[in-house]
Protein chains: 2
Amino acid sequence: MAPVPHGHVTLVQVARWAGVSAQTVSNAVNNPERVAPATRERILAAVEELGYEPNLSARALRNRSSSLIAFKTRPARTDKASLLMDEFLYALNAAAAEAGYHLILCHAEDGSANEIKAYRDLLKKTSVDAFVLAETHRNDDRVSALRSWGVPFASFGRSWDGDEATSWVDVDGRAGTRAATEHVAAQGHRRIGHIGWPAESEIGSERREGWLEGCRGRELETDLQAAVADTLEAGRQAAHRMLDSSRPATALVCASDTLALGVLRALHERGLRPGADVAVTGFDDSPTAALVSPGLTTLHQPIDVVGRQLIQSIDNLLAGDPRDPQHVLLEPELIVRGSSLPGPPRQ
Amino acid sequence: MAPVPHGHVTLVQVARWAGVSAQTVSNAVNNPERVAPATRERILAAVEELGYEPNLSARALRNRSSSLIAFKTRPARTDKASLLMDEFLYALNAAAAEAGYHLILCHAEDGSANEIKAYRDLLKKTSVDAFVLAETHRNDDRVSALRSWGVPFASFGRSWDGDEATSWVDVDGRAGTRAATEHVAAQGHRRIGHIGWPAESEIGSERREGWLEGCRGRELETDLQAAVADTLEAGRQAAHRMLDSSRPATALVCASDTLALGVLRALHERGLRPGADVAVTGFDDSPTAALVSPGLTTLHQPIDVVGRQLIQSIDNLLAGDPRDPQHVLLEPELIVRGSSLPGPPRQ
């Protein structure tokens, strides 16, 4: 058991004392019906023992605040298969609701200048407690803008500049792509190509690195690679090129489901069977990946955990939690479907 | 030109006088840069002529309001192909932003009791101007709840009870399914099956009616029909049954893309080619429909128009517009892709 803290007692100290998460203490105070009676007892004992005063705590501060967390959604329909940001929006909304917040949506055309303007307009108009950023990149103007305004935020996507001050949650694309590469290598493939994004994409570079690591670990050649736009058509054309090569690919590891679906289209055009003739993997476990026939092997991002972690980080920030910013890198899960498995022999 | 109105002049009267929409007048007042100079001149002339006082108008009321419109999003990831409600959320958010509103999201588990509770909690906590409902059904408790609280709302989905008091926008599923049925009949198909939802679904019944009308118009039999849950697996099994029939279907018109993708899986399992061997159509133009090979013929809902119309309805309601509630039924567009077209002959 931790020593009795001195000075102003925080919710986090109560949590440590009771051996539960800060969220559970928060629930015990705000939504007691959500907490098991025994746990509630233990938390109440800790509250008494430590002299915790909820009125001086984050809860009181929060009651003077809006409980609104702002998030910018994508501007319009895209033809991307991924839709990962849609899933993220639902996960974030569910996590926010659970912690007593509401999401307020922000609308902006592409480009950080537009996004920053939308943030500023929102702040002028409505009281917002915090922002969640997504799709971070190097020299991210949004970070400096929010920081200069003194607005709390956390991001889905790491600080690519190595900025330690921002709380972020991210998914390890390098580890995921390495796992996909090792999976197809384990099926016996030796000519494994990679279809990814141009070098300016930090996420794309991470995924490419994972493929390189997977190939090098098995001493496979890495000459079959393409850096293209994230469209079905670009994936289709890159696949045709790698299959027209004098020593063609027998497996294609892609940086996205969109690209992988383009590869499936190319195979369809060539009369080749995904899995049986050419193994294909994507990234993001889009809804389409489960719906195509055969299903698309891909990497699933633990998006519910991402949402909960970000809300927890924001909750800590708003509670004035003295804890350091959180940096959480999660592993994606390889979902194996028919597109990377040898099928029944051709009739 | 309309007669000069007497008494309190509304924004709508200014709009009629100037021969423009209420939205354009609103823009001229709030975002003049969005309105062409000549139109602005005409509106200003109307404002002067009628003695319109923006300070007494909806704009002033709105400035005392939150400009927040609440919308409940789906609770979690589903394996549905449709994702129509995701597209709707973006369309609604874009339309809201354009009219100077922000969306605030509401989270509730399935079931109208949960949804109503979430609405009430939100209203207690935050000042919300209006709600947008979606996925309306008969005896919709949400409508009576919002009405009893005196909260303005409009719905994506008609009043199935024939309630004339609610403003709604909907898409004509009957006309859409009839168009799909006529399209496959025009390709020469005579055994056209329908895979739809159980009778308690109002939307499903409408779509089934469209198929019936399409068949009857061409004097085709309507014995091949299935009413199943909206899952890939249910679509797959229903397709197998209709293809195992002594007089099998050569075309399957489905109530959703999810069901149609189940049909594609069944065809894949039977070694049949979509389009060339069996024509398949879906409904909703999900992202997956464009991404599978061959592409899935489907009905596209004009979701951007739905979003804009709903925001316009809410804007009218909040402006105290004396206009009757709006009831807008839009036609979906048939998107023809490979799944319903004869392909190249089998090698």
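Calculation rules
Residues numbered from 1 in each chain as written. Chains lettered and ligands numbered in written order. Predicted model: local features only at pLDDT ≥ 70, side-chain atom pairs only at ≥ 80, totals over all residues. Heavy atoms only, no water. Pairing = 2+ DSSP bridges. Helix = DSSP H or I, 4+ residues; strand = E, 2+ residues; numbered from the N terminus. Axes fitted to C-alpha atoms, helices over the stretch in contact; angles between N-to-C directions. Contact = heavy atoms within 4.5 Å. Buried < 20%, exposed > 50% of the residue type's maximum accessible area, 1.4 Å probe, protein only. Domains from an automatic or database assignment. Buried area = accessible area lost by both parts, 1.4 Å probe. Salt bridge = Lys/Arg side-chain N within 4 Å of Asp/Glu carboxyl O. Expected span 1.5 Å × (residues − 1). Polar contact = N/O pair within 3.5 Å; in protein donor to acceptor, adjacent residues only side chain to side chain. Nonpolar A, V, L, I, M, F, W, Y, C, P; charged D, E, K, R; others polar. pLDDT = per-residue confidence, 0-100. Least-squares fit on C-alpha atoms with pLDDT ≥ 70 in both. Parallel < 35°, antiparallel > 145°, perpendicular 65-115°, else oblique.

J.: I'm lost on the sheet that holds strand β9 (residues 279-281) of chain A in this one. Help?
T.: Either a parallel or an antiparallel arrangement is found when strands of a sheet pair, and the pairing is made through backbone hydrogen bonds. All names here are of chain A. Read across the open sheet, the four strands follow the order β7-β6-β8-β9; overall the sheet is parallel. Strands at the two margins of the open sheet, each flanked by one partner only, are β7 (225-227) and β9. Going across the sheet, the axis of each strand differs from the next one's by a mean of 10 degrees, ignoring polarity. Pairing geometry for strand β6 (residues 192-196) and strand β8 (residues 251-254), over four bridges, is parallel. Looking across to β8, one finds that G193 is bridged to L252. Together, β6, β7 and β8 form the strand contacts of helix α9 (residues 202-217), whose direction differs from that of β6 by roughly 170 degrees.

J.: Quick question: what am I supposed to make of unusual backbone geometry here?
T.: Most peptide bonds are trans, and most residues other than glycine sit at a negative phi. In this model, A:S293 is joined to A:P294 through a cis peptide bond whose omega is -5 degrees. Phi at A:E219 takes a positive value of approximately 55 degrees, unusual for a residue other than glycine. Tracing the backbone shows A:E219 in the loop between α9 and β7. Even without being a glycine, B:D285 presents a positive backbone phi close to 50 degrees. With respect to the helices and strands, the residue B:D285 is situated in the loop between β9 (279-281) and α12 (287-291). By relative accessible area, which is 7% here, B:D285 ends up buried.

J.: How should the domain arrangement of chain A be read in this particular structure?
T.: Size of an interface, as often reported, equals the accessible area lost when the parts are brought together. Residues and elements named next belong to chain A. Examined at the domain level, chain A breaks down into domain 1 (11-62), domain 2 (65-171 + 303-331) and domain 3 (173-300 + 334-340). The interface of domain 1 with domain 2 comprises eight residues on the first partner and twelve residues on the second. For the domain 1 and domain 2 pair, buried surface summed over both sides reaches about 860 Å², with 39% attributable to carbon and sulfur atoms. There are zero salt bridges connecting domain 1 and domain 2.

J.: Sorry if this is basic, but what is going on with helix α9 (residues 202-217) of chain B here?
T.: Side chains of residues three or four places apart in an α-helix project in the same direction, reflecting 3.6 residues per turn. All names here are of chain B. Under the 1.5 Å per step criterion, the end-to-end length of α9 is 23 Å for 16 residues, consistent within 8% with the ideal 22 Å. Buried within α9 are the following residues: E202, G204, E206, R207, R208, G210, W211, L212, G214 and C215. Tucked inside the fold, the buried residues of α9 contact α8 (173-186), β6 (192-196), β7 (225-227) and β8 (251-254). E219 lies just past α9 and shows a positive phi near 55 degrees.

J.: Just to check I follow, could you spell out the interface of chain B and chain A for this structure?
T.: Chain B puts 44 residues into the contact, and the matching count from chain A is 44 residues. Together chain B and chain A conceal approximately 3,700 Å² of surface at their shared face, both sides included; 55% is due to carbon and sulfur atoms. One can count zero salt bridges joining chain B with chain A. The interface formed by chain B and chain A holds 15 residue pairs in polar contact (both at pLDDT 80 or more) in total. Elements with a minimum of two residues in the side of chain B that touches chain A: β1 (68-73), α5 (84-98), β2 (102-107), α6 (112-125), α11 (257-270) and α12 of chain B. Among the elements that take part in the side of chain B that touches chain A, α5(B) stands out by supplying eight residues, more than any other. When the residues that make up the side of chain B that touches chain A are grouped by side-chain class, the tally is 23 nonpolar, twelve polar and nine charged.

J.: Please clarify how the confidence of the model for chain A should be interpreted in this entry.
T.: For any part of a model where pLDDT is low, the fine detail of the predicted coordinates should not be relied upon. In this model, chain A carries an average pLDDT of 87, and 88% of its residues clear a pLDDT of 70 or more. The low-confidence segment residues 55-64 of chain A (pLDDT under 50) makes eleven contacts with residues lying over four places distant or belonging to another chain.

J.: How should the pattern of salt bridges be read in this particular structure?
T.: Once their charged atoms are close, side chains differing in charge can pair, the charge on each being opposite to the other. Evaluated as defined, the whole model comprises 36 salt bridges over all chains. Close ionic contact of B:R147 with B:D163 constitutes a salt bridge, the shortest N to O distance being 3.0 Å. With B:R147 in helix α7 (residues 141-149) and B:D163 in the loop between β4 (153-156) and β5 (167-171), this residue pair connects regions lying 16 residues apart in the sequence. Note that B:D223 and B:R191 form a salt bridge whose closest N and O atoms lie 2.9 Å from each other. Linking B:D223 in the loop between α9 and β7 with B:R191 in the loop between α8 and β6, this pair joins segments that are 32 residues apart in sequence. The exposure class of B:R191 is buried, given its relative accessible area of 12%. Connected through salt bridges with shared partners, the residues A:R158, A:D170, A:R174, A:R178, A:E206 and A:E213 form a single ionic network.

J.: I would appreciate a short explanation of the relation of the copies chain B and chain A in the present structure.
T.: Superposing the two chain copies requires a rotation about an axis and a translation along that axis. With an RMSD of 0.2 Å, the operation that places chain B on chain A is a rotation of 180 degrees combined with a shift of 0.1 Å along the axis. Such a combination of turn and shift is consistent with a two-fold rotation axis. In terms of proximity to the rotation axis, the leading residue of chain B is B:I104, whose C-alpha is 2.1 Å off the axis. When the interface residues of chain B are mapped onto chain A, 100% of them again lie at the interface, so the same face is used by both copies.

J.: For this particular structure, what's the right way to read the environment of A:E202?
T.: Residue and element names in this part refer to chain A. You can see E202 is positioned in helix α9. When its relative accessible area of 13% is taken as the criterion, E202 is described as buried. Setting aside residues no more than four positions away along its own chain, E202 makes contact with H137, R138 and W160. Here the side chain of E202 touches R138 through a polar contact of 3.0 Å, landing on its backbone nitrogen.

J.: Any chance you could explain the environment of B:L50 here in plain terms?
T.: Tracing the sequence through the fold places B:L50 in helix α3 (residues 37-50). Sequence separation of B:L50 and B:H268 is 218 residues, and the distance between their C-alpha atoms is 68 Å.

J.: Whenever I open this one, the pairing of β1(B) confuses me. Can you help?
T.: In summary, the side chains of a regular strand alternate between the two faces of the sheet. Residues and elements named next belong to chain B. The buried fraction of β1 amounts to six of the six residues, a majority that puts the element mostly inside the structure. Neither face of β1 is left uncovered, since the one carrying L68, A70 and K72 and the one carrying I69, F71 and T73 both have all their residues buried. In this sheet, β2 lies alongside β1 in parallel orientation, the contact comprising six bridges. What sits directly across from T73, in β2, is H107. Examined bridge by bridge, β1 and strand β3 (residues 130-134) share three bridges and lie parallel to one another. The residue bridging A70 from the neighbouring strand is F131, located in β3.

J.: Explain the sheet that holds β7(B) to me, please; I cannot follow it from the model alone.
T.: Residue and element names in this part refer to chain B. Spatially, β7-β6-β8-β9 is the arrangement adopted by the four strands of the open sheet, whose pairing is parallel. In this open sheet, the two strands that pair with only one neighbour each are β7 and β9. The sheet shows a mean angle of 10 degrees between the axes of neighbouring strands, taken without regard to direction. The pairing of β6 with β7 spans three bridges and is parallel. Across the sheet, residue H194 finds its bridge partner in β7, namely Q225. Sheet strands in contact with α8 are β6, β8 and β9, and its direction is about 170 degrees off that of β8. The strands touched by helix α10 (residues 232-244) within the sheet are β6, β7 and β8, with β6 carrying the most contacts at an inclination of about 155 degrees.

J.: Any chance you could explain the packing of helix α5 (residues 84-98) of chain A against α5(B) here in plain terms?
T.: Geometry of a packed helix pair, given as the angle between the helix axes and the separation of the axes. Look at α5(A) against α5(B): their axes get within 11 Å of each other, and the N-to-C directions meet at 80 degrees. Here α5(A) lies roughly perpendicular to α5(B), going by the angle between them. Counting all contacts with α5(A), which are made through A:M85, A:D86, A:L89 and A:Y90, the residues of α5(B) involved are B:M85, B:D86, B:L89 and B:Y90. Taken together, the residues of the contact of α5(A) with α5(B) sort by class into six nonpolar, no polar and two charged.

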